[in-house]
Amino acid sequence: MQPLTSAMTTLKKSLLAALKSFLRGRSFLQAILAFWVSPKAFKEQHVSGKRTYPSRAIEDFLKEAEKLFLGPIDEDGLRKYSSDLKRQFRERLHAHPECMLPSFNHLLPTGKERGQYLALDVGGSTLRVALVELRGREATGRESEIIRMVSFKITPEIKKLEGMSFFDWMAGRIYEVIHKDLSHEQDIIPMGLAWSFPVEQVSLGGGLLLGMGKGFLATNGLLGQDLGELIKFACKKQGLNIQLEAIVNDSSATLLSQAYVHGSTRFGLILGTGTNIAVHLPVGAFSRAKYGKRPESWFESASHVIVNTELGMFGKDILPLTRWDELLNASHPRPDFQPLEHMLSGFYLGEICRLAIVEAVETAGLFGGQLPPSLEKPYSLDTEILSRIEADTSPTLERATSEFTKHHPTAASPTLSDINTIRTIASFISRRSAALLAASVFSLWELRHETETEQAPVTPKRIPSNDSGVVLPSPSVDEQIREMEASTKVAFNGSVIEHYPEYLSTCQRYIDDLVAHSQYPGSVDLVPAIESSILGAAVAIACANTA
């Protein structure tokens, strides 16, 4: 009787499985035949405690994922997206208070600035104090150098320091680093600051303190006060006569640090946990309202300005979203606030992959249909893990398997197919990110060409240059500048673009292809900017002092 009961149970399961497949779009007959040919294809699987059955092969899932992630960025698709993105950039030159923000930095270095400068870099977890020496472009390979730098961990206890207590702690660290270099009759010490928090800049070296976030309590009781004055007051207690002369954000610092070395640098690109681009554009490209309140003398001296694009805020309604992107956006605390950031930055790439993995487990039998418990939690798959998995190009993927199971143990050891599936999904996501970043750089490069042409003055020559006696216009842009900018440099910094396997070369390849089809001449080259926050802050002071 027992064999008969067992057979009936098996038949019942097969019929139920066939019905489920039918409901997913397969014919009832196909489902029955599939069971008899390969009963294992309908084995029960458990996802989040629920029984499920694979509705398709993993190969079909990957084929669809490739189409969704990479299809929209192939050839004409990426060019069309670039054109739409450029339109959004242009619109926000005149409107929108939170992006395409002209800074107070309008001078690029000549490469002739020299001297030693004090530079600070204040980030979410570290304070760095450095003495930087600038030697000039002719000191090839040694143009700028950090003479001394000390890093101080910003611990949770330090984050809890309220009001002036945090700035007193900062001043104490500055004193530790530079007090041996001071004479008894020390003049004012100019300082540049790379500040990784919101600030409402009111001058090159002045900014009103805004909420810092990230667990910091330093703004308690100090919101709206001048950052430069707070640091100056705290340093006075240490006997230091500090004058904050330049405040820069990370992307502006990256641009400045390499503009000192490469005169054709016009962009600063950040791609790590977050993303941003700074670009050098003509002042006249913006509506006057975008500049807020600043003295007329600033406009008289500035022809161009370094612009904080806040790149991550672009892309709404033009990005090629997959259903996994839509899931991420829908569950985000601020949906649609930073559409492009979600598809570019290291903070989100791992989460997009995790969402795709969850679906592959549920519908295609990845990991035998059982999701590793650790992956049930949002943002539990770090982009750094994906980076290490993609770095393993061996046939056995042993290193990738070890890396994955170390952080996300599974009930049964993952198969080679399981790990290869994750690696393949990760490669689609990272390649798409590189392509969309390339489109961002390219769109800004074309926008810069267009605004330069629109804003360049046309001055008639004094002497006719042809037999008719008609006065011809002189070139709108100096030929020497055109020659220098034939190869535009994009300085970059950040963990993803620096360390993710093949990311940099893939991004450059997409840029080259886009530029090759552009109406504008020249090339766009990505160049690394090492220690860009510190060096950029020092260059900003040097530019201010020579203005």
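Residues numbered from 1 in each chain as written. Predicted model: local features only at pLDDT ≥ 70, side-chain atom pairs only at ≥ 80, totals over all residues. Heavy atoms only, no water.

Colleague: Describe the overall build of the chain, listing the residues and the values that go with them.
Modeller: When helices and strands are counted, the chain shows 19 helices and 15 strands. For the chain, the proportion of its 547 residues judged to be buried stands at 52%. Contacts spanning at least 24 positions in sequence make up 71% of the contacts within the chain whose residues lie at least 6 apart. Accessible surface computed for the chain: about 25,800 Å², of which carbon and sulfur atoms make up 54%. (Helix = DSSP H or I, 4+ residues; strand = E, 2+ residues; numbered from the N terminus. Buried < 20%, exposed > 50% of the residue type's maximum accessible area, 1.4 Å probe, protein only. Contact = heavy atoms within 4.5 Å. Areas by Shrake-Rupley, 256 points an atom, 1.4 Å probe, with all protein chains shown as cover.)

Colleague: Mind laying out the sheet that holds strand β6 (residues 144–153), listing which residues take part and the relevant values?
Modeller: Pairing is mixed in the open sheet, where 5 strands are placed in the order β6-β5-β4-β7-β10. With one partner strand each, in any of the chains shown, β6 and β10 (242–248) form the two edges of the open sheet. On average, adjacent strands in this sheet sit at an angle of 25° to one another, irrespective of strand direction. When strand β4 (residues 115–122) meets strand β5 (residues 126–134), the two strands line up antiparallel, connected through 8 bridges. (Pairing = 2+ DSSP bridges. Axes fitted to C-alpha atoms, helices over the stretch in contact; angles between N-to-C directions.)

Colleague: So, the nonpolar core: which residues are in play, and what are the values?
Modeller: Judged by nonpolar contacts, the single largest core of 93 residues is most densely connected at L78, Y81, M100, F286, I357, L436 and L437. Considering every element that reaches this core, the biggest residue donor is helix α15 (residues 416–455), with 17 residues. Ignoring anything within four residues of it in the chain, the contact list for I357 reads L366, F367, L371, L375, L381 and I422. Ranked by size, the runner-up nonpolar core spans 37 residues in total, among them L193, F216, L222 and I247. (Core = buried A, V, L, I, M, F, W, Y, C linked by side-chain atoms within 4.5 Å.)

Colleague: I'd like to hear about the packing of helix α8 (residues 250–259) against helix α19 (residues 532–546), residue by residue, with values.
Modeller: Between α8 and α19, the shortest axis-to-axis distance is 7 Å and the interhelical angle comes to 70°. What the angle tells us is that α8 and α19 run roughly perpendicular. Here A253, T254, L256 and S257 of α8 lie close against α19, whose contacting residues are S532, S533, L535, G536, A537, V539 and A540. Broken down by class, the residue content of the contact of α8 with α19 amounts to 6 nonpolar, 5 polar and no charged. (Parallel < 35°, antiparallel > 145°, perpendicular 65-115°, else oblique. Nonpolar A, V, L, I, M, F, W, Y, C, P; charged D, E, K, R; others polar.)

Colleague: Describe the confidence of the model for the chain, listing the residues and the values that go with them.
Modeller: Across the chain, pLDDT averages 86, with 84% of residues at or above 70. Contacts for the low-pLDDT stretch residues 1–51, under 50 throughout, to residues beyond four places or in other chains number 50 contacts. Contacts for the low-pLDDT stretch residues 458–477, under 50 throughout, to residues beyond four places or in other chains number 19 contacts. (pLDDT = per-residue confidence, 0-100.)

Colleague: Got a sec to walk through the side chain of R135? Specific residues and values, please.
Modeller: Examined against the element boundaries, R135 turns out to sit in the loop between β5 and β6. By relative accessible area, which is 16% here, R135 ends up buried. Look past the residues within four positions of R135 in its chain and what remains in contact with it is E113, R114, R142, E143, E145, I147 and Y260.

Colleague: Mind laying out helix α12 (residues 346–364), listing which residues take part and the relevant values?
Modeller: In an α-helix, one full turn covers 3.6 residues, which means residues spaced three or four apart are oriented alike. Between its first and last C-alpha, α12 extends 27 Å over 19 residues, near the 27 Å set by a 1.5 Å rise per residue. Taking burial as the measure, the 19 residues of α12 include 17 buried ones, the bulk of the element. (Expected span 1.5 Å × (residues − 1).)

Colleague: Please set out helix α3 (residues 58–70) residue by residue, giving values where relevant.
Modeller: The end-to-end C-alpha separation of α3 is 18 Å, in line with the 18 Å expected for 13 residues at 1.5 Å each. Buried within α3 we find I58, F61, L62, A65, F69 and L70. What you see down the axis of α3 is that its buried residues fit within an arc of 125°, all on one side. The outward face of α3, more than 90 degrees from its buried face, is lined by the exposed residues E59, K63 and K67. Where α3 is buried, its residues contact α10 (323–331), α12 and α15. (Arc of directions from axis to C-beta.)

Colleague: Lay out the packing of aromatic side chains with the relevant residues and their values.
Modeller: Across all of its chains, the model carries 19 aromatic pairs by this definition. Seen from their ring centres, F166 and F167 are 5.6 Å apart, and the 80° between their planes marks the pair as edge-to-face. Assessed through its relative accessible area of 0%, F166 is described here as buried. Measuring from centroid to centroid gives 6.5 Å for Y500 and Y503, while their planes differ by 70°, and the two rings are edge-to-face. In this arrangement the basic side chain of R294 is found over the ring face of F104, its NZ or CZ atom lying 4.0 Å from the centre. (Phe/Tyr/Trp six-rings, centres within 6.5 Å; stacked < 30°, edge-to-face > 60°. Lys NZ or Arg CZ within 6 Å of the ring centre and 35° of its normal.)

Colleague: Now, about the side chain of T506: what can you tell me, with residues and values included?
Modeller: When you line up the elements, T506 lands in helix α18 (residues 503–516). Since its relative accessible area comes to 10%, T506 is described here as buried. If sequence neighbours within four positions are ignored, T506 has contacts with R431 and A434.

Colleague: Break down the sheet that holds strand β13 (residues 304–308) for me, citing the residues and quoting the values.
Modeller: Judged by pairing direction, the sheet is mixed, and its 6 strands sit side by side in the order β3-β13-β12-β11-β14-β15 without closing on themselves. A single partner strand is all that each edge strand has here, and the edge strands are β3 (101–102) and β15 (523–528). In this structure, β3 lies alongside β13, joined through 2 bridges in antiparallel fashion. Bridge pairing links P102 to V307 in β13. In this fold α8 packs onto β11 (265–271), β12 (275–282), β13, β14 (487–493) and β15, with an angle of close to 135° to the strand it touches most, β11. Sheet contacts for α18: β11, β14 and β15; angle to β15, the most-contacted strand, approximately 165°.

Colleague: Describe in detail the pairing of β10, supporting the description with residues and values.
Modeller: Within β10, 5 of the 7 residues are buried, which leaves the element mostly enclosed by the surrounding structure. In the sheet, strand β7 (residues 189–195) pairs with β10 via 6 bridges, with the strands oriented parallel. By the bridge assignment, P190 is partnered in β10 with Q243.

Colleague: Go over the pattern of salt bridges with me, naming the residues and quoting the values.
Modeller: A side chain of one charge can pair with a side chain of the opposite charge if their charged atoms are brought near each other. Going through the model one piece at a time under the given rule, you end up with 29 salt bridges. Between R90 and E450 there is a salt bridge; the shortest N-O distance is 2.9 Å. Of this pair, R90 sits in helix α4 (residues 76–91) while E450 sits in helix α15, placing them 360 residues apart in sequence. For R90, a relative accessible area of 27% gives the class partly exposed. Salt bridges sharing partners connect three or more residues here, namely K86, R90, E446, E450 and E454. (Salt bridge = Lys/Arg side-chain N within 4 Å of Asp/Glu carboxyl O.)

Colleague: Could you give an account of the environment of P109, with specific residues and numbers?
Modeller: Position of P109 among the secondary structure elements: in the loop between β3 and β4. Taking the relative accessible area as the measure of exposure, P109 reaches 8% and is therefore buried. Along the backbone, P109 and A542 are 433 residues apart, and their C-alpha atoms lie at a distance of 7.9 Å. Ignoring any residue separated from it by four or fewer positions in sequence, one finds P109 in contact with R137, L256, A259, Y260, V539 and C543.

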